[in-house]
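Residue-level listing of the chains:
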Amino acid sequence: MFGEKALDLIREVHRTREGSLGPYNEDGVRQVLEEMQVLYEANQQDVAQLVQNDSDQTSLTAVQIRHDSLQRNKRCLLAYLYNRLQKIRALRWEFGSVLPTDVRGNMSPKEIEWFTKYNRALANYMRSLGNGGLDLTQDLHPPQNVHIEVRCVEDKGELELDDGSKILLKKNSLHYLPRSQCEHLIRQGVLKHVT
Amino acid sequence: MDLLCPPGGGMKQNYLSIDDIMMSSEKIPSTFLVSVKTLGYLDPSTNKKDIEVGSKLDLPLWLALSLAHPRKKFVTVELTKPYKATYREILKADAGVVNLYKLCPYYYALGQQQLSLNHAEGILVARSLILAFSDRFRRIMDLSGNAIGGDNSSLIQQFDEVERRLFALGQKSLQSFQRWEVGESRTLRTSELVSRHRKRKREAVD
């Protein structure tokens, strides 16, 4: 049946909806596009015949089936790309503007381009807010204290704070830091909030 | 997730919904009322060039909906098995013990979609769907709002996709309520996406 290849793409998204981004299936997308090309050409041929010979309507059903299949394939492809973009957008808010290399490796060149553009648009928007900009990815929950205690989960080297002082992020070391400086690192799993 | 837009609703409301696309690929037994030229290879049971009048074929829902449209009438469709009288009787007896996921992962949505195909039994199917859902819903809510830590996988296996979504939602709010109770909701945590990503990486290393 037509549309099976496209459904495979959708199944892939469905399988990985809980996890992180799966690899971009370039081969699958190409195969769907090829199927669509074949369907389209067959339809063009049949329609041209229909126009020439009005009395013969028998190929109309086939045209209809191919047309529906084309629409279906288009829908699957769009949904595949759209749902990936949704996930990539969520990644921007969770991982920050720099994605881990293995996530990046799962993206197509066009998706990387989209991510860069999204990054830029978001940065521009955040800069335009208030006086001197507002980081929307900060304080996703209302803050209770200005400073919080954190434990370092992995060796991350030096971190320079806004006031110029430097601290060394060593595994299992404890720090008392301004919340605004470490919220990102907690979300990225580098630090752990201790209460 | 998009609980407000459950599968169903078709192309117009849910064009980009993965669930709706999965649901609409379920096979519907159909009989052709017209012949279709040159597409005989879609029917694996024959080697003929064309699909002939009267040949039976399992068409995916998206195609069946279009071809069975009252204005076209290229095919007639049958109700799929899990919605027939036998299964309706089972659901009526005790919907709670039926493994809906096995019958169809999108049981309610697919049933709903088939109503628009004007089956004679349409109204009976609709009634059975509502009864089955209300029967099962109480137990799902009860479970999702109270079950903590235990292994519910054998029960969840019987839920259809919408029910699973409901269950997960209830569990999530139960968990965040508990976190709030012990005063943990203020603690900043690693984002879920990131920790899931790490877990996967660790698996790959092992």
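Note that the structure is a prediction, hence the values are computed from the model and not measured. (Residues numbered from 1 in each chain as written. Chains lettered and ligands numbered in written order. Predicted model: local features only at pLDDT ≥ 70, side-chain atom pairs only at ≥ 80, totals over all residues. Heavy atoms only, no water.)

Here we take up the environment of Ala120 of chain B. Residues and elements named next belong to chain B. Assignment of secondary structure puts Ala120 in the loop between α6 (107-115) and α7 (122-146). Taking the relative accessible area as the measure of exposure, Ala120 reaches 82% and is therefore exposed. Put simply, Ala120 and Leu79 are 41 residues apart on the chain and 9.6 Å apart in space, counted from C-alpha to C-alpha. (Helix = DSSP H or I, 4+ residues; strand = E, 2+ residues; numbered from the N terminus. Buried < 20%, exposed > 50% of the residue type's maximum accessible area, 1.4 Å probe, protein only.)

Our next topic: the interface of chain B and chain A. Contacts between the two partners involve 48 residues from chain B, matched on the other side by 49 residues from chain A. In this assembly, chain B packs against chain A so that about 4,400 Å² is buried in total across both faces, 64% of it on carbon and sulfur atoms. When residues of chain B are sorted by the area they lose upon contact with chain A, Trp62, Leu188 and Leu193 of chain B head the list and together hold 17% of the total. Linking chain B to chain A there are 2 salt bridges. In this structure, Glu4 of chain A engages Lys27 of chain B in a salt bridge whose closest nitrogen and oxygen atoms are separated by 3.5 Å. Joining chain B to chain A, the criterion identifies 10 residue pairs in polar contact (both at pLDDT 80 or more). Those elements giving two or more residues to the side of chain B that touches chain A turn out to be α1 (10-13), α2 (18-23), β1 (27-32), β2 (56-60), α3 (61-67), α9 (161-181) and α10 (192-205) of chain B. (Contact = heavy atoms within 4.5 Å. Buried area = accessible area lost by both parts, 1.4 Å probe. Salt bridge = Lys/Arg side-chain N within 4 Å of Asp/Glu carboxyl O. Polar contact = N/O pair within 3.5 Å; in protein donor to acceptor, adjacent residues only side chain to side chain.)

Glancing now at the UniProt feature "domain: DNA replication complex GINS protein PSF1 C-terminal" (unreviewed entry) in chain A. The positions UniProt marks with the feature "domain: DNA replication complex GINS protein PSF1 C-terminal" (unreviewed entry) are residues 147-194 of chain A. Secondary structure content for residues 147-194 of chain A is 19% helix and 48% strand, while the C-alpha to C-alpha distance between its ends is 12 Å. (UniProt positions renumbered as here; feature names shortened; annotations may be inferred.)

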